[in-house]
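# Working through the structure, step by step
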Amino acid sequence: MGQQAMSFDKLAERQILKAQAEGALDHLEGEGKPLSVRPHEDAVGIGMRIMAEAGTLPREFELKKAVDKQFLVLQATTGALERKAEMKKLADLTLRLEIEREARRSFFK
């Protein structure tokens, strides 16, 4: 297993342990039952699926969704002042997303 794959495994494990410690994985549908494993799904994929089903995705994923949503808001905005305000929101979300991505990249080095 390459270093990047091993690092991703560690990152995913940390995210799962964090969600577990915060109680976000308690009382999920199917708790205490064997996991249904999909073809070609590894342990990281299973963990990410469980986190997604519990609504505890990593912050980078949440920010990406927020950026996409804000981009649609900006497209629908017509007034100059309103567009400027929506562009500022998009820039802020994009910056925060890039900070999260850079933190992930640094973790993999």
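Residues numbered from 1 in each chain as written. Predicted model: local features only at pLDDT ≥ 70, side-chain atom pairs only at ≥ 80, totals over all residues. Heavy atoms only, no water.

### Comments concerning the overall build of the chain
The criterion, for reference: Numbering of helices and strands starts at the N terminus; helices are DSSP runs of H or I of at least 4 residues and strands are runs of E of at least 2. Using a 1.4 Å probe on the protein chains alone, a residue whose accessible area is under 20% of its type maximum counts as buried, one over 50% counts as exposed, and one in between counts as partly exposed. Whether two residues are in contact is decided by their heavy atoms, any of which lying within 4.5 Å being enough. Here the open area of atoms and residues is found with the Shrake-Rupley method and a 1.4 Å probe, where only the protein chains shown may cover a residue.
Helix and strand counts for the chain come out as four helices and zero strands. Buried residues in the chain amount to 23% of all 109 residues. Restricting the contact set of the chain to residue pairs at least 6 apart, pairs at least 24 apart contribute 57%. Element-wise, carbon and sulfur atoms account for 58% of the exposed surface of the chain, whose accessible area totals about 8,100 Å².

### A short note on the pattern of salt bridges
Rules: What makes a salt bridge here is a side-chain nitrogen of Lys or Arg within 4 Å of a carboxyl oxygen of Asp or Glu, nothing more.
Scanning the entire structure with this criterion turns up six salt bridges. Glu-86 is paired through a salt bridge with Lys-89; the nearest N and O atoms lie 3.5 Å apart. You can see Glu-86 and its partner Lys-89 sitting in helix H4 (residues 80–108), three residues apart, about one turn around the helix. The buried category is assigned to Glu-86, whose relative accessible area is 14%. The residue Arg-101 makes a salt bridge to Glu-98 at a minimum N-O spacing of 3.1 Å. Of this pair, Arg-101 and Glu-98 both sit in helix H4, three residues apart, which is roughly one turn of that helix. Classification of Arg-101 as partly exposed rests on a relative accessible area of 21%. Look at the salt bridges and you will find they share partners, linking Glu-60, Glu-98 and Arg-101 into a network.

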